[in-house]
Amino acid sequence: MRIPTLWEAVREAESDPRYSEELAHHLLERIRSMDPSLNSFIALNDAAPEQARSLAGVGPLHGVPVAVKDSISTRGLETTAGSRILRGYVPPYDATAVARLRSAGAVVLGKTNMDEFSMGSTGENSAFGPTRNPWDASRVPGGSSSGSAAAVAAGLAPAALGADTGGSVRCPASFTGTFGLRPSYGRVSRYGLIAYASSMDQIGPIARSTRDLAIILSIVAGRDPMDSTSSPAPLQDYMGALERDVSGWKVAVVKEMVGPGVDDHVQREFWRAVDTISGLGVDVEEVSLRWLDEALASYYVIASAEASSNLARYDGLRYGLSPQQSGDWRSYFAKVRGEGFGREVKIRIMLGTYVLSAGFYEELYLKALKVRRLVTDELSLALKRYSLLLSPTMPVLPPRLGERTADPLSMYMMDVETVPASLAGLPAISVPVGRAAGLPVGIQLVGRSMDEGSLLAMSARLEEALGGPAPIASPRCSSPPSKYQVILASLHLSTGDKRSPSPTGIP
Ligand code: GLN
C-alpha cells in the first residue's frame, strides 16, 4: 500500500469507506516491522483499524490515523511523557487537541517516543531508549518530539501531534525532513498536555506537507474553556492561506542567526532557500537583533524554573510509579523521584530550584525575565516592518547518537535558533528545504502572533517551488537496535488500563 500524506488519505477515505481501516491496519504492520530499529512508538493502539471502520463516515478526517506525542493525554492509552515515573499511567480523559481530532474523525494510532518530560533536543533522554533518525539510523532525529517526527518521516503515520516549548516540534521536523508548526502561545489548548514550562508549552503538528499542517491546525486551534490560557482571538482561514500569493511581501533574514556557529552545509542550504523565496517575488532584507545572544540563557533559566515547579507533583502517590511504601514521607519521595526521573530531568529540577531560591532569584530568574521582555520587544518591532523572519531551524546537521549527551551545554546550544520565538510566544514553522551529506536541512519562518496563516502561505509556496510534499525516508545505513531497545519496545507495545488523576499542569 502506498503511504499517503494526511490530505491524500482523507481524500481516499472520502470515496472509499474501507480505506482508513486498511490504512490503519497497514501502518500497524509497518510499525511492527520497521519500528524496532527506529523506536519511534512507545505504545500502540491495537484497536485503531476497528475504530477507523466505525469513523468511516465521520468528517472531515473519516477515520484516518494520526500519531500523538506521549506527553499529550489520550484516554485509555498509556501516557508517560517518556518517563519511568509515569509508567502505567493511563489518562481517564483526552487532551483537548486529541478530543478535537477524534471528533473530527481521526483515530489515534499510538503514542510516540520523546525526551523525558520534553527536556532535550535529540530524542536520547527517553526512559524508553533513544529514537533514531530514519534517514540515517546512526544519527538522532531531534527532540523532544523525536518519535512524532521520525514516525512521519519513515511513513509510519501520515501526520502526528508534537509539542514545542523551546523548539521541540521544529527541531525534529528539521532533522527528519518534515514540516513542523509551533502555533502562537494560546492558539491551541494545552488542556491534557503534560506540562514542562507552562509559559511556553504549545501543541503543534508534524507532517509531510504544509496542507497537512493546515488541516490539523484548523481542527485543534481555538479557545477552550478548559484552558484559561487559550486565546479567544479569532481563527484565520488556514486552508485558504495555502492559496495566498506571497509576491510583494517583505521578509528579513536574522543576521545573528546565520553567522558563525552555523554549520557550513546548513548555511549553504539556507541561502539556497532564501534565493527560492526571492524568486517568488518576495523582498528579502536583513535585520539585526541585538538581544538574541542572551535568549538561550534566558530560556534555560525560565524553562528550568517552571519545570522544577511543574514536576513537584510527581510524588508516587497520585499516579505512575509507586513502589512499596516504607520509611517516612521524605525518604519515600526521595526514592520515587530518585528512581523515576532520568538524569537530564534531575539536572533541570536542580537548576530550576537554584535559580528560584532566595538570594539567586533576583540575580538569575528576574534577570532572565527581563531579557525575555527585551527579546520579545525586539522581535515584535522587527515584525512590524517584516511579515516574517527567516533563519535556519537548527544550526547543525543531525548529530550522531551519543555525540551530545556527555555535555548538556552543547545540547542546549543547538536550540539557539528556536528559543527566541518561544520566549516571545510567536508562531514558527520549520520547512524542509534541502539536504547536505544526505541529511535534511530546514528553514525556520517566524511570524506575528496569531498569524499562522502567513507562515502556512509562505511554507506552501516554498514547498511548491521545491517540488511538493516531503519524501518518505529511505535509510542510508541502519545499525541494528540494541538488545535493550528491543526488550523495551516489546514491553511497551501494549496498552494498560489503570485509571488515575491527571498529571497535566491545568486543573
Ligand atoms: N531542547 C529544549 C529543552 O530541552 C526545548 C525542548 C522543548 O521544546 N520541549 O528545553
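Asker: I tried to follow the overall build of the protein chain on my own but got confused; where do I start?
Answerer: Looking only at helices and strands, the protein chain features 17 helices and 11 strands. Taking 507 residues into account, the globule formula puts the C-alpha radius of gyration at 23 Å, and the protein chain, at 21 Å, falls close to it. Its C-alpha atoms give the protein chain principal-axis dimensions of about 70 × 65 × 45 Å. Counting across all 507 residues of the protein chain, residues that qualify as buried make up 59%. In the protein chain, 78% of the contacts between residues at least 6 apart in sequence involve partners at least 24 apart.

Asker: Which parts of the structure should I look at to understand the environment of arginine 290?
Answerer: With respect to the helices and strands, arginine 290 occurs in the loop between β8 (283–287) and α10 (292–310). What makes arginine 290 exposed here is the crowd of 10 C-beta atoms within 10 Å. Each C-alpha atom of the pair arginine 290 and glutamate 378 lies 8.1 Å from the other, and the pair is 88 residues apart in sequence.

Asker: I would appreciate a short explanation of the packing of α10 against helix α13 (residues 361–385) in the present structure.
Answerer: A pair of packed helices can be characterised by two numbers: the angle between their axes and the separation between those axes. It is the contact of α10 with α13, at a shortest axis distance of 8 Å, that shows an interaxial angle of 130 degrees. As summarised for this structure, α10 and α13 are arranged oblique, according to the angle between their axes. Between α10 and α13 the crossing geometry is left-handed. Between α10 and α13, the contacting residues are Leu292, Glu294, Ala295, Ser298, Val301, Ile302 and Ala305 on the first element and Leu364, Tyr365, Ala368, Leu369, Val371, Arg372 and Val375 on the second. Residue composition of the contact of α10 with α13, by class: 11 nonpolar, 1 polar and 2 charged.

Asker: Sorry, what's going on with helix α12 (residues 343–356) here?
Answerer: Note: α-helices contain 3.6 residues per turn, so residues at a spacing of three or four share the same orientation. Taking 1.5 Å per residue, 14 residues should reach 20 Å; α12 reaches 20 Å between its end C-alpha atoms and fits that length. All of the buried residues along α12 are Val345, Arg348, Ile349, Gly352 and Val355. One face of α12 carries all of its buried residues, which in axial projection span an arc of 140 degrees. Structural note: α12 exposes Arg343 and Met350 on the side pointing more than 90 degrees away from its buried face. Tucked inside the fold, the buried residues of α12 contact α10 and α13.

Asker: Hey, could you run me through the environment of threonine 405 in this one?
Answerer: Along the chain, threonine 405 turns up in the loop between β9 (388–392) and α14 (408–413). Judged by C-beta crowding, with 18 C-beta atoms within 10 Å, threonine 405 ranks as partly exposed. Threonine 405 sits 69 residues away from valine 336 along the chain, and the two C-alpha atoms are 24 Å apart.

Asker: What exactly am I supposed to notice about unusual backbone geometry here?
Answerer: Most of the time, phi is negative for any residue but glycine, and the peptide bond is trans. Here the residue pair glycine 59 and proline 60 is connected by a cis peptide bond, since its omega of 0 degrees sits within 30 degrees of zero. Summarising the element assignment, proline 60 is placed in the loop between α3 (48–54) and β2 (65–69). Serine 144 follows glycine 143 through a cis peptide bond whose omega is 5 degrees. Mapped onto the elements, serine 144 comes out in the loop between β3 (107–112) and α5 (146–153). The phi angle at asparagine 39 is positive, at roughly 65 degrees, despite the residue not being glycine. Structurally, asparagine 39 can be placed in the loop between α2 (19–38) and β1 (41–44).

Asker: Looking at this model, I keep getting lost on the sheet that holds β8. Mind explaining?
Answerer: The strands that make up a sheet are held in pairs by hydrogen bonds between backbone atoms, and each pair lies either parallel or antiparallel. Sheet architecture is open: 11 strands sit in the order β1-β3-β2-β4-β6-β5-β10-β11-β9-β7-β8, paired in mixed fashion. Strands at the two margins of the open sheet, each flanked by one partner only, are β1 and β8. On average, adjacent strands in this sheet sit at an angle of 30 degrees to one another, irrespective of strand direction. Taken together, the 6 bridges between strand β4 (residues 159–164) and strand β6 (residues 202–207) define a ladder with antiparallel strand orientation. If you follow glycine 162 over to β6, its bridge partner there is glycine 204.

Asker: When you look at the environment of arginine 272 in this model, what are you seeing that I'm missing?
Answerer: Note that arginine 272 resides in helix α9 (residues 264–279). Along the chain, arginine 272 and glycine 402 lie 130 residues apart, while their C-alpha atoms are 30 Å from each other.

Asker: When you look at the packing of helix α7 (residues 210–220) against helix α16 (residues 452–465) in this model, what are you seeing that I'm missing?
Answerer: Their axes nearest at 9 Å, the elements α7 and α16 cross at an angle of 155 degrees. The angle between α7 and α16 falls in the class roughly antiparallel. In the packing of α7 onto α16, the handedness of the crossing is left-handed. Judged by residue contacts, Thr210, Leu213, Ala214 and Leu217 of α7 engage Glu452, Leu456, Ser459, Ala460 and Glu463 from α16. Within the contact of α7 with α16, the residues separate by chemical class into 5 nonpolar, 2 polar and 2 charged.

Asker: Could you clarify how one ought to interpret the nonpolar core in this entry?
Answerer: Within soluble globular proteins, side chains that are nonpolar tend to cluster in buried spots. Residues Val66, Ala157, Ala160 and Leu445 are the most contacted members of the largest nonpolar core, which totals 150 residues. It is α10 that provides the largest number of residues to this core, a total of 10 residues. Not counting residues within four places of it along the chain, the set of residues in contact with alanine 157 comprises Leu27, Pro65, Val66, Ala67, Leu109, Ala151 and Val152. Counting residues in each nonpolar core, the second largest holds 7 residues, with Phe175, Met394, Leu401 and Met411 among its members.

Asker: Where do I start with the pairing of β9 in this structure?
Answerer: In summary, the side chains of a regular strand alternate between the two faces of the sheet. Of all 5 residues in β9, 5 are buried, a share of seventy percent or more. Bridge analysis of β9 against strand β11 (residues 439–446) gives 4 bridges, and the strand direction is antiparallel. In the sheet register, serine 391 faces β11, and the bridge partner there is glutamine 444.

Asker: Teacher, can you tell me more about α2 here?
Answerer: End to end, α2 covers 26 Å across 20 residues, agreeing with the expected 28 Å (1.5 Å per residue, within 8%). Along α2, the largest kink reaches about 40 degrees and is centred on arginine 32; proline proline 36 follows within four residues of it. Taken together, the buried positions of α2 are occupied by Tyr19, Ser20, Glu21, Leu23, Ala24, Leu27, Leu28, Ile31, Asp35 and Leu38. Following α2 by one or two positions, asparagine 39 adopts a phi angle in the positive range, close to 65 degrees.

Reading guide: rules and limits
Residues numbered from 1 in each chain as written. Predicted model: local features only at pLDDT ≥ 70, side-chain atom pairs only at ≥ 80, totals over all residues. Helix = DSSP H or I, 4+ residues; strand = E, 2+ residues; numbered from the N terminus. Rg over C-alpha atoms; globule rule 2.2 N^0.38 Å. Buried ≥ 20, exposed ≤ 12 C-beta atoms within 10 Å, placed from the backbone. Contact = placed C-beta atoms within 7 Å. Axes fitted to C-alpha atoms, helices over the stretch in contact; angles between N-to-C directions. Parallel < 35°, antiparallel > 145°, perpendicular 65-115°, else oblique. Left-handed = near helix turned anticlockwise from the far one by under 90°. Nonpolar A, V, L, I, M, F, W, Y, C, P; charged D, E, K, R; others polar. Expected span 1.5 Å × (residues − 1). Arc of directions from axis to C-beta. Pairing = 2+ DSSP bridges. Core = buried A, V, L, I, M, F, W, Y, C linked by C-beta atoms within 7 Å. Bend = angle between axes of the 7 residues up to and from the residue.

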